[in-house]
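Residue-level listing of the chains:
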Amino acid sequence: MTKKILNIKTLFGLILGFLFSIFFLSLDKTQVDEWLEYKCYDFFYYIKPLSPQPENMLIVGIDEASFQEIGLKWPWPRSLHAELVNILKEKGAKVIAFDILFADPTNEEDDLIFEKSIKDAGNVVLLETIDDISDPNFSRKILVQPLDLFYNAANKIGIGKINNDIDGTVRQFNVIYKDDTFGERETITYWITKLYKPFFLISKHYHGFINYIGPSRTFKTVSYYQVINKDYPIPDHFVKDKVVLVGRMLEAAANPQDQPDFFLTPYYTITNQRMAGSEIHMNILNTILNNNVITEISSEFYYILKIIIFMYLTFLMLFMSPFRGIILLTLSYIFLYSISYYYFLQENLWIPPVLLSLFLTTSYTCCSVFHYFTSDREKRWLRGAFSRYVSKELIDIISAHPEKLSLGGEERELSIFFSDVKGFTSISEKLEPQKLVYILNIYFTRVTQIILNHKGTVDKFIGDAVMAFWGAPIDIENHAEMACTSALEIQKAINKLDEEFAKQGLPSLYTRIGIHTGRAVVGNMGSNERFNYTVMGDTVNLASRLEGVNKRYSTKILISEETYSKVADKFWTREVDKIVVKGKELPVTIYELISNRQEQPPIWLEKYDNAVTLYRENRFNEALVIFTEILEANQEDGASRNFIELSKNAIETGQVNGQKATVLKEK
């Protein structure tokens, strides 16, 4: 009966998940979907911390104050712009850009003065644009460029078009503007970047979401009139080595042709303020120069992610009660939006979460209805089945595969982990039972959490010892790496735990760990009434022996050569010895696990490895010198002390076999 119910649920879950996937994928890239996702994107800006003000950028604003001080109507004499350019160049501006279109001639003398200032500066970028002219009977595009004399005098000409999303908000940019009529045109920010950093590599396909540093008026801004005011000149450091963008910052205009150049941004909902086009260009420039463009997750990967999440959660919710389902739904919401925000904030990656969250609600509703008709019979059976297990991490596996509740095992390649606390018997004799339990509970909690975080299975606790394994019940290709990573993290966690215990007057827990990789039998072992998911075989025995061998060499983590062969390129290790454990005949090379290769290796490691090579080549006198140097620097280095004893013994006895193994007489 149970298998029939489970098979029906499995089939229903797969079908329902597939149908949901098709339905919600069909909504992707519609205006409704984009609008919802963009509103979530804007909300992330609401909670996002403001970025620091860039020190290499300055906006010269043509604002209301400048109109009042200068006292002229627009357009201003171009001799005035020439004066501005000369002052900015004299004060050391690295790039001068105008977010103003100089397409029409004015006074010839003023135009010539302005042309000369542009040419003399040599670092001026001017603006061009494309005007769309259309009515019911006519449609035309015009490329509007600066006058020829300005066009030829300027260093570069860039297009200043700003693109809006479907809701009118400016969120994205391209460094190349593509037009059906005029082809590809470099933007003003592209040329500013190339002038400011000539060797800065920027692809013409570079695009994405603008990484705004804050709302309107976040960039350092001075009024136009302040720059040309000779009585009160602005300090040179305001301009020196900076990108200076001259643009209109008017929030209102008296004449229709002077309508303000302001746009909606993600901050508009928060501040109710539009942003000047000049500020948007600066935000784009800052995004490019800092290479922190926010990119959207690729559509291919997003589709795959949707299908996996849709089908998996639908399938999973079918096996949950409505109460647990609502908890999963809530946690899924939190997780989904937290992950999306984390990648938005930390990785500059936009993962749209809204459509996924809409699916979760629909999926939960359908699964709850289906669950209503099947839950009673299934609950009785599963409650009895789950009561047989003491390991919570196996519940999901059992839910999907109830046949695993039968006795039996299978042979797999696994990585086995044993840990033990040094001198715990003495510790337990000195502590009250309550404190002993307190210490063990915290210790086991920290160790267990790390093992579970790295896909391990905690087999059992034996006094103060912990046994765990990787590679079952779920196949893990890098199980040896996961075991070693866990071991290193456990040692770091115990170091912190010892600091906490020291403050409470409690003893430290010096922990030794042994890891071995090999084939073993894993499965349910026990009686029909009570059994445990565990592992058995020689692989287990050797891992246990390695934990104890740490005592001989004063090491904390020892791994076998089988484990070493799988992780040598991932971790810093050193050969400790060749040993023959009690009850075995074949030697095993053992290694100390030191740290992850992402960290710097110990300064003595290369010297130690050279000494081991000399020893294996029967050059015992040379090896002895190096091992002695290492031991003098670190009196607690048991591995070097061991090789010193072996080298001396080889020299005294005339041994000529550097490959000889150490036979251990005790477990």
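Residues numbered from 1 in each chain as written. Predicted model: local features only at pLDDT ≥ 70, side-chain atom pairs only at ≥ 80, totals over all residues. Heavy atoms only, no water.

### Notes on the overall build of the chain
Helices and strands together make up the secondary structure of the chain, namely 22 helices and 24 strands. Looking at the 667 residues of the chain, the share that counts as buried comes to 50%. Entry remark: accessible area of the chain is about 33,900 Å², with carbon and sulfur atoms responsible for 54%. (Helix = DSSP H or I, 4+ residues; strand = E, 2+ residues; numbered from the N terminus. Buried < 20%, exposed > 50% of the residue type's maximum accessible area, 1.4 Å probe, protein only. Areas by Shrake-Rupley, 256 points an atom, 1.4 Å probe, with all protein chains shown as cover.)

### Digging into unusual backbone geometry
With omega at 5 degrees, the peptide bond leading from Trp74 into Pro75 counts as cis. Within the element layout of this structure, Pro75 appears in the loop between helix 3 (64–70) and helix 4 (78–90). Residue Asn291 is not a glycine yet carries a positive backbone phi of 50 degrees. You can see Asn291 is positioned in the loop between helix 10 (277–289) and strand 14 (295–296). Judged by its relative accessible area of 54%, Asn291 is exposed.

### Focus: the confidence of the model for the chain
Residue-level pLDDT values for the chain average 84, and 84% of them are 70 or greater. The low-confidence segment residues 1–6, where pLDDT is below 50, has eight contacts with residues more than four positions distant or belonging to other chains. Considering only residues more than four positions removed or in separate chains, one finds that residues 379–391, a stretch of pLDDT under 50, has 21 contacts. (pLDDT = per-residue confidence, 0-100. Contact = heavy atoms within 4.5 Å.)

### Overview of the pattern of salt bridges
The tally for this structure, following the rule as stated, stands at 24 salt bridges. Put simply, Asp167 and Arg171 hold a salt bridge, and the shortest N to O gap is 2.7 Å. In this structure, Asp167 and Arg171 share a single accessibility class: buried. Via salt bridges that share partners, Lys39, Asp42, Asp165, Asp167 and Arg171 belong to a single interconnected network. (Salt bridge = Lys/Arg side-chain N within 4 Å of Asp/Glu carboxyl O.)

### Remarks on empty space enclosed by the protein
Tallying each qualifying case throughout the model produces four cavities of 30 Å³ or more. Looking at the largest cavity, its volume works out to about 120 Å³. Lys161, Phe173, Asn174, Thr187 and Ile284 are the residues nearest the centre of the largest cavity, which is lined by 13 residues in total. Among the secondary structure elements, those contributing two or more residues to the lining of the largest cavity are strand 6 (172–174), helix 7 (188–196) and helix 10. By residue number, the principal contributor to the lining of the largest cavity is strand 6, which donates three residues. Here the residues of the lining of the largest cavity are counted per class, giving six nonpolar, six polar and one charged. (1 Å grid on protein atoms, 1.4 Å probe; cavity = no way out; pocket = protein on both sides within 12 Å on 5 of 7 lines; lining within 4 Å. Points joined across faces, edges and corners; volume = space filled by probe spheres on them. Nonpolar A, V, L, I, M, F, W, Y, C, P; charged D, E, K, R; others polar.)

### Focus on the packing of helix 4 against helix 5 (residues 108–121)
Where helix 4 meets helix 5, the axes come as close as 7 Å, and the angle between the chain directions of the two elements is 20 degrees. As the angle between them shows, helix 4 and helix 5 are arranged roughly parallel. Remark: the crossing between helix 4 and helix 5 carries left-handed chirality. Of helix 5, the residues touching helix 4 (which contributes Arg78, Ser79, His81, Ala82, Val85, Asn86 and Lys89) are Asp110, Asp111, Ile113, Phe114, Ser117 and Ala121. (Axes fitted to C-alpha atoms, helices over the stretch in contact; angles between N-to-C directions. Parallel < 35°, antiparallel > 145°, perpendicular 65-115°, else oblique. Left-handed = near helix turned anticlockwise from the far one by under 90°.)

### Some thoughts on the side chain of Ser66
Considering the arrangement of structural elements, one finds Ser66 in helix 3. What Ser66 contacts, discounting residues up to four positions off in sequence, is Gly61, Gly71, Trp76, Ser223, Tyr224 and Tyr225.

### What to know about the nonpolar core
Judged by nonpolar contacts, the single largest core of 49 residues is most densely connected at Phe173, Val175, Ile192, Tyr212, Ile280, Met282 and Ile288. No other element matches the six residues that helix 10 contributes to this core. In this structure, Ile442, Tyr443, Met482 and Leu488 belong to the second largest nonpolar core, which totals 40 residues. (Core = buried A, V, L, I, M, F, W, Y, C linked by side-chain atoms within 4.5 Å.)

### Comments concerning a nonpolar patch on the surface
A cluster of nonpolar side chains, contributed by Phe323, Ile326, Ile327, Leu331 and Ile334, occupies part of the molecular surface with about 490 Å² of accessible area. Along the chain, Ile326 falls in helix 12 (residues 322–346). (Patch = residues over 30% accessible without salt bridge, like charges linked within 9 Å, V, L, I, M, F, W, Y side chains within 5 Å.)

### Considerations on helix 21 (residues 620–633)
At 3.6 residues per turn, the α-helix brings residues three or four places apart onto the same side. In this model, helix 21 (14 residues) spans 20 Å end to end at C-alpha, consistent with the 20 Å of a helix rising 1.5 Å per residue. On its buried face, helix 21 is in contact with helix 20 (605–616) and helix 22 (638–653). (Expected span 1.5 Å × (residues − 1).)

### Regarding helix 22
In a regular helix each residue adds 1.5 Å, so 16 residues correspond to 22 Å; helix 22 covers 22 Å between its end C-alpha atoms and thus fits that length. Buried within helix 22 are the following residues: Gly638, Ala639, Ser640, Asn642, Phe643, Ile644, Leu646, Ser647 and Ala650. Those residues of helix 22 hidden inside the fold are in contact with helix 18 (538–553), strand 22 (571–580), helix 20, helix 21 and strand 24 (662–663). The N-capping residue of helix 22, defined by a side-chain oxygen 3.3 Å from the backbone nitrogen of Ala639, is Asp637. (Polar contact = N/O pair within 3.5 Å; in protein donor to acceptor, adjacent residues only side chain to side chain.)

### Points about the environment of Asp167
Looking at where Asp167 falls in the secondary structure, it is placed in the loop between strand 5 (156–159) and strand 6. Separated by 97 residues in sequence, Asp167 and Leu264 have C-alpha atoms that sit 9.1 Å apart. Residues contacting Asp167, with those up to four places away along its chain left out, are Trp35, Tyr38, Lys39 and Leu264.

### Topic: the packing of aromatic side chains
One pass over the structure, following the stated rule, counts 34 aromatic pairs. Judged by centre distance (6.2 Å) and plane angle (75 degrees), the rings of Phe102 and Phe150 are edge-to-face. One end of the pair, Phe102, is in the loop between strand 2 (95–98) and helix 5; the other, Phe150, is in helix 6 (residues 148–153), with 48 residues separating them in the sequence. Side by side, Phe102 and Phe150 carry an identical accessibility label, which is buried. (Phe/Tyr/Trp six-rings, centres within 6.5 Å; stacked < 30°, edge-to-face > 60°.)

### Thoughts on the side chain of Thr539
Mapped onto the secondary structure, Thr539 falls in helix 18. Exposure remark for Thr539: the relative accessible area of 6% places this residue in the buried category. Here the side chain of Thr539 touches Arg519 through a polar contact of 2.8 Å, landing on its backbone oxygen. Beyond its immediate stretch of four places on either side in the chain, Thr539 contacts Ile416, His516, Thr517, Gly518, Arg519 and Ala520.

### Remarks on the packing of helix 7 against helix 10
Running from N to C, helix 7 and helix 10 point in directions that differ by 50 degrees, and their axes come no closer than 10 Å. Classified by the interaxial angle, the pair formed by helix 7 and helix 10 is oblique. Like other packed secondary-structure pairs, helix 7 and helix 10 cross with a definite hand, here right-handed. Between helix 7 and helix 10, the contacting residues are Ile188, Thr189, Ile192, Thr193 and Tyr196 on the first element and His281, Ile284, Leu285, Ile288 and Leu289 on the second.

### Observations concerning the pairing of strand 1 (residues 57–62)
Here strand 1 lies mainly inside the structure; six of its six residues are buried. Residues Met57, Ile59 and Gly61 point to one face of strand 1 and Leu58, Val60 and Ile62 to the other, with burial holding for every one of them. Alignment of strand 1 against strand 11 (residues 243–248), held across six bridges, turns out to be parallel. Paired with Leu58 across the bridge in strand 11 is Val244. Taken together, the three bridges between strand 1 and strand 10 (residues 221–223) define a ladder with parallel strand orientation. Within the sheet, the bridge partner assigned to Ile59 lies in strand 10 and is Thr221. (Pairing = 2+ DSSP bridges.)

### Examining the environment of Ile210
Structurally, Ile210 is set in the loop between strand 9 (207–209) and strand 10. Residue class for Ile210 comes out buried when judged on its relative accessible area of 0%. For the pair formed by Ile210 and Thr295, sequence separation is 85 residues and the distance between their alpha carbons is 9.1 Å.

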